[in-house]
Amino acid sequence: MDDSRDRQKALLALLLVHDFDTDQSGGLSLDEFIPLVSIMSKRDKPTGASSALDTMYKAFFALADADNDSDVTADEFIAIGDFNFDDDKPPPPTMFDLDQDGYVSAEELYTLTVDSGALADDAPDNAAASFTMEAAQYLVHASDTDEDGVLSYEEFDAMMAAQSTQ
């Protein structure tokens, strides 16, 4: 990336963090981060503490908060990568790891794929309804190279890479 693009990205991050930093702390708390990411990902703000989408946003916040100080600064926001949610990069496996055990289970894959509306933008109207628990179990089984019943982050990345080439 050239210097001009880096400067534009840094300025955008500073502006976004400033605009959503309601307590003027210099960083975004989880409560400030969720509305920003919700707008950027074109998803509704999650409602209810048990929402799978809420859990995904919390995992994304934890990923972004590199220094674990409960605030995401503009620099941390830049570091999470190009914040265009519509590009071809697959989501990081940590966003699907709801229980944060280091693995993605079929249940987690199913819950986040269906509940988050992940299929809604790119698929026919009935795609979310047709993604079943059995389909999630099949994907996990087919990608589980060590046959432990769950996907390590490496196995998850390989599964997503294979899906994106189909």
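Given the structure is predicted, the values throughout are model-derived calculations rather than measurements.

> Help me out: how do you make sense of the overall build of the chain in this one?
Secondary structure summary: the chain contains 8 helices and 2 strands in total. Along its sequence from the N terminus, the chain presents helices and strands in the succession α-α-α-α-β-α-α-α-β-α. In the chain, of all internal contacts separated by at least 6 residues, the share reaching a separation of at least 24 is 52%. For the chain, the exposed area adds up to about 9700 Å²; of that, 52% sits on carbon and sulfur atoms.

> Help me understand the confidence of the model for the chain in this model?
Looking at the chain, pLDDT values average 76 and 72% of them are 70 or higher. The spread of mean pLDDT over the elements of the chain runs between helix 6 (residues 127-130), the lowest at 54, and strand 2 (residues 151-152), the highest at 94. A low-confidence stretch, residues 83-87 (pLDDT under 50), is modelled with 13 contacts involving residues beyond four sequence positions or located in other chains. Confidence over residues 119-128 falls short of pLDDT 50; this stretch has 6 contacts with residues more than four positions distant or in other chains.

What counts, and at which threshold
Residues numbered from 1 in each chain as written. Predicted model: local features only at pLDDT ≥ 70, side-chain atom pairs only at ≥ 80, totals over all residues. Heavy atoms only, no water. Helix = DSSP H or I, 4+ residues; strand = E, 2+ residues; numbered from the N terminus. Contact = heavy atoms within 4.5 Å. Areas by Shrake-Rupley, 256 points an atom, 1.4 Å probe, with all protein chains shown as cover. pLDDT = per-residue confidence, 0-100.

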